[in-house]
Each structure stands twice: as structure tokens, then as C-alpha cells.
Amino acid sequence: MTVRGLRWYIVALISCGTILNYLARNSLGVLAPTLKTTLHITTQQYSYIVGAFQGAYTLMQPVCGGLVDYIGLRLGFALFAVGWSVSNMLHAVAASWMALAVFRAMLGATEAAAIPAGMKAIASWFPRRERSIATGYFNAGTSFGALLAPPLVGFVSLYLSWRAAFIVTGGLGLIWAAAWVWLYRSPSQHPAITTAERDMIAADRNLRQTEAPASRMRPGVILRSPRFWTLAVPRFLAEPAWQTFSFWIPLYLSTERGFDIKSIALFAWLPFLAADLGGILGGYLSPFFMRAFGLSLVSSRVLGIFLGAICMIAPGSVMFAHGHVAVIALFSIGGFAHQIISVLINTLTADLFPDEQVGLANGLVGQAGWLGGLIFSLAIGQLAETVGYGPLFVCLSLFDLIGAVYLFLMVRHYGIASSAKDS
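Calculation rules
Residues numbered from 1 in each chain as written. Predicted model: local features only at pLDDT ≥ 70, side-chain atom pairs only at ≥ 80, totals over all residues. Heavy atoms only, no water. UniProt positions renumbered as here; feature names shortened; annotations may be inferred. Phe/Tyr/Trp six-rings, centres within 6.5 Å; stacked < 30°, edge-to-face > 60°. Helix = DSSP H or I, 4+ residues; strand = E, 2+ residues; numbered from the N terminus. Buried < 20%, exposed > 50% of the residue type's maximum accessible area, 1.4 Å probe, protein only. Lys NZ or Arg CZ within 6 Å of the ring centre and 35° of its normal. Salt bridge = Lys/Arg side-chain N within 4 Å of Asp/Glu carboxyl O. Expected span 1.5 Å × (residues − 1). Contact = heavy atoms within 4.5 Å. Bend = angle between axes of the 7 residues up to and from the residue. Polar contact = N/O pair within 3.5 Å; in protein donor to acceptor, adjacent residues only side chain to side chain. Axes fitted to C-alpha atoms, helices over the stretch in contact; angles between N-to-C directions. Parallel < 35°, antiparallel > 145°, perpendicular 65-115°, else oblique. Left-handed = near helix turned anticlockwise from the far one by under 90°. Nonpolar A, V, L, I, M, F, W, Y, C, P; charged D, E, K, R; others polar. Disulfide = S-S within 2.5 Å. Patch = residues over 30% accessible without salt bridge, like charges linked within 9 Å, V, L, I, M, F, W, Y side chains within 5 Å. Areas by Shrake-Rupley, 256 points an atom, 1.4 Å probe, with all protein chains shown as cover.

The name given to the protein chain in an unreviewed UniProt entry is MFS transporter, with Brytella acorum as the source organism. Here the protein chain is described in UniProt, under the heading Subcellular location (unreviewed entry), as follows: "Membrane".

Scanning the model with the defined rule gives 29 aromatic pairs in all. Aromatic pair Tyr252 and Phe393: ring centres 5.2 Å apart, planes at 85 degrees, arrangement edge-to-face. Remark: Phe393 occurs in helix α18 (residues 389-414) and Tyr252 occurs in helix α11 (residues 249-255); sequence separation between them is 141 residues. The burial state of Tyr252 is the same as that of Phe393; both residues are buried. Through a chain of ring-to-ring contacts, three or more aromatic side chains come together here, namely Trp242, Phe245, Tyr252, Phe272, Phe331, Tyr389 and Phe393. Note that Arg25 overlies the ring of Tyr22, its terminal NZ or CZ placed 3.7 Å from the centroid.

Side chains bearing opposite charge may pair, as long as their charged atoms lie close to each other. Inspection of the entire model under this criterion finds six salt bridges. Across the pair Glu130 and Arg7 runs a salt bridge whose closest N-O atoms are separated by 2.9 Å. Of this pair, Glu130 sits in helix α6 (residues 128-159) while Arg7 sits in helix α1 (residues 6-38); the two residues are 123 residues apart in sequence, bridging distant segments of the chain. The salt bridge involving Glu197 is made with Arg7; its shortest N-O contact spans 2.9 Å. Here Glu197, found in helix α8 (residues 195-211), pairs with Arg7, found in helix α1; they are 190 residues apart in sequence, far enough to count as distant. With respect to class, Glu197 is no different from Arg7; both count as buried. Here the salt bridges do not stand alone but share partners, grouping Arg7, Glu130 and Glu197 into one network.

Its 22 residues place the ends of helix α7 (residues 162-183) 33 Å apart at the C-alpha level, agreeing with the 32 Å of an ideal helix rising 1.5 Å per residue. Those residues of α7 that sit buried are Trp162, Ala164, Ala165, Phe166, Thr169, Gly170, Gly173, Trp176, Ala177 and Trp180. Buried residues in α7 make contact with α1, α3 (73-90) and α6.

Let us look at the side chain of Ser157. Secondary-structure assignment places Ser157 in helix α6. Setting aside residues no more than four positions away along its own chain, Ser157 makes contact with Leu31, Trp162 and Ala165.

Let's shift gears to helix α10 (residues 226-247). Taking 1.5 Å of rise per residue, the 22 residues of α10 would be expected to cover 32 Å, and the 32 Å separating its terminal C-alpha atoms lies within 8% of that figure. A bend of about 30 degrees at Phe236 is the largest found in α10, and the proline Pro240 appears one to four places after it. Most of α10 sits out of view: 17 of its 22 residues are buried. Sitting at the amino-terminal end of α10 is Ser225, which places a side-chain oxygen 3.1 Å from the backbone nitrogen of Arg227.

On to the packing of helix α2 (residues 43-71) against helix α4 (residues 97-111), then. Remark: α2 packs on α4, axes separated minimally by 7 Å, with the N-to-C direction vectors making an angle of 25 degrees. Overall, the two elements α2 and α4 adopt an arrangement that is roughly parallel. Seen from above, α2 lies across α4 with right-handed handedness. Residues Gln45, Tyr48, Ile49, Ala52, Phe53, Ala56, Tyr57, Met60 and Cys64 of α2 lie in contact with α4, whose contacting residues are Trp97, Leu100, Ala101, Arg104, Ala105, Leu107, Gly108, Ala109 and Glu111. Residues belonging to the contact of α2 with α4 are distributed by class as follows: 14 nonpolar, two polar and two charged.

For the coordinates displayed, the defined rule picks out zero disulfides. The thiol sulfur of Cys311 is not disulfide-bonded, and the nearest other cysteine sulfur, from Cys395, lies at 19 Å. By relative accessible area, which is 32% here, Cys311 ends up partly exposed.

α4 packs onto α3 with a crossing angle of 165 degrees between their chain directions and a minimal axis gap of 8 Å. With respect to each other, α3 and α4 are oriented roughly antiparallel. In this structure, α3 meets α4 at a crossing whose hand is left-handed. Contacts from Phe80, Gly83, Trp84, Ser87, Asn88 and Leu90 of α3 reach α4 at Phe103, Arg104, Met106, Leu107, Ala109, Thr110 and Glu111. Tallied by class, residues from the contact of α3 with α4 come to seven nonpolar, four polar and two charged.

This paragraph deals with a nonpolar patch on the surface. A surface patch of nonpolar side chains, amounting to about 520 Å² of accessible area, comprises Val82, Val86, Leu90, Val93, Val102, Met106 and Leu174. Elements with a contribution of two residues or more to the nonpolar patch: α3 and α4. A total of three residues in the nonpolar patch trace back to one element, the largest contributor, which is α3. Mapped onto the elements of the fold, Val102 is located in helix α4. In this structure Val102 comes out as partly exposed when scored by relative accessible area, which is 49%.

Turning our attention to the environment of Val221. Within the secondary structure, Val221 sits in helix α9 (residues 219-223). Placed 20 residues apart in sequence, Val221 and Ile201 show a C-alpha to C-alpha distance of 26 Å.

Here you go:
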């Protein structure tokens, strides 16, 4: 039996995996106030736990992307999903901050495959005119997983234990890994794809191969490309915001704004709901700008990133907010804005690199982003109790604005907007 529009079901399957990936990683942030008390963890030690995850994730993104390119998407994604699920479940046996740091490093090393693998699947299944929309739905999984973490993890922690929360969130990933192996095939091999859809995907792929023959899949080839640096620097500057949202906002709400674990469970998911909406809208912005203003494919992505960067001024203003509602509202605008930026930068990776390099290229760009997130998280650990969180949130706004300007200038300087043919 064939399925019309099978590529959209593939995106739904990928999004489910991304949801569980981000549910697992955000469990720590929700449980941070409890863990700090139960395991006697200082703010500085907590930054080391977060840094262990970020460091491993940073190092492994291009490795995971390259491995997925090499061994194939179906097997590679499933193996990494099993790895991150087991790593998350091991958090349940931790008895010190050092044990948590080891398990977080294992989690980061395996979760690093999710975005490169997802973008590789989108590059394989979607023509370029639909990629930003597909990426928007895929990227919504990152914020939806983060959205689910406060209520689900908080509920399990309150009624069972914090250890059970890690087991539950990790166990769900094992179920998805089995489903992925069962359901996923490439477009050329999938038994449920229609002939028309297969021909459309093949035609777009052949056109792109004619326009830009792929170089050998070496990191050095990508690192020497101006297109890599055009994307890597904005990603380096943008990623600290999402890392802060994922790992530090629950702790900020607890220590600076008086939220308890129940309040965090009730309200801390709202910025991630807004992020979901931003991720989906970000996918539609680019086609809209192309139709409304006659922009090229790349220029339409850049304009969307600019709009997201302007909206990121909101979380930078949080220190001036009074009351819980205002704080959550500003963080929600920030989540919405960041996911617009994230969707469009990830889509540009698929736009500007051949399919055979998308996993590795996205991994290298992601590595640059996570390096920025790691540095900023360590800075929060050192400075939050002295200068406070407010000035650090201001930095997040400035980073995104600087990144957007840099992206615009690089695209113009190298003529990338005109050299990337629209479709």
C-alpha cells in the first residue's frame, strides 16, 4: 500500500525522535533545584554537569554527522537513540555531581546525532522549496520535548522520585528507536512511497547534483568553505540562548524568582510552547518572503533570521520585569524568536551543502554553536551569583543581533544569495 505525501509522515517520525531527545536532555534542568538540595550540588558544580553534556555534544556533533553519513541514516539514527536513552536512564543511579557529569557526557555524546540526522533526512526527502517548512516542523520537536519536560518530569518527580523521572524519559527513547528501524527507509527504497513522489524527489536531487557536484566528504573541505563560516559564526552566537533556556531558566526561576518545583512544572513549559510556534512559523516565513517580496531563497532565510534577532531583545529585558507573568512572557518571546533563527540556520545548511555532506556539515556548524553554548554556560556558573543573571541575559540579545548582521554581510560579500539557485 502506498501513502500520498509520505515525506510529511517521515518528518512526523523524525519529530517524535527529536521530542524524546530533548525531553531527555531537559530533564536535568527541571530537576536542578531538587538535585542541588538532594545531592548537595553548588551552582558552580551544576555548571560543570551542564558543561560535561555540552562539551561532549560539541565534540561529537561532526563525528555523529559523519557516522550517520557513513553507516546510513536508518541504522545510525537508531543506534544513537539507544545510546542516549540508556545514558539518560543511568542518571537514576547517580549519587554525586561527578557521577551526574559522567552520565551527562555520555548523553551529550549520543544525543549529538539528532539534528544532523534529522537534517540529512530532510535533505533526502524534500525539494528545496519545502525544506524550511519541513525543518520548521522537525525543529518544533526540539521545543516540544523541552515543553513536555517541566510537567512530565515534575509530575513523576513529585509522585515517584527524581530517579524515576530519568528512567521514564530515557525509556521512551528506546521505543522510538525500534519504531525508526521498522518504519524508515530512503525515498528510493521505501515500499509505501508513490511513484509521483519518488520521481519528484529524484528530479530535485538530480537538479542539485547538476548544479553543484559534491566534493569528497572531508571535514577540511567544509571548514575551508566560506559558506561554513557564514553559518558557523551566527550559530556560535545564537546557541547560548537555547542552552540557557534548557539548562538554566528553571534554576533562575527557583533562585531569583521564588518558583518551587510545582510552579516550575506548571509554568516553565510556556516558553517552549512559544518556541514550537516560532519554529513552525520560521519554516513558513521564507516561502512567504519569496512570494511577497521576490527575494531569493537565501535572502528570504536571512530576513527571517533578522526578525528573530530583533525579537530576542525581549529575554534580555527580563531583569526589568516585575511579577511571574511578565518574566514568563519575556522568556516566551525569546523562545519564539530563537526557534525562528534556529530553523532558518539549519535549513541554510541543507541549502548550501550537497546532500552527501549535509550530516557532516550540519554537525560542524552545530559544533560551533554548542561551543558557544558551553562557554556561556560556564560563564553563568562563574558569574550568576556575583553579577546576577540579568546582565547575562542582556548578552544573549546582543549575540543574536551581532550574528544576524554578520550573516547578512557575509552573504553579500560572497554572493551566496545569488549563487544558491532557487527552486
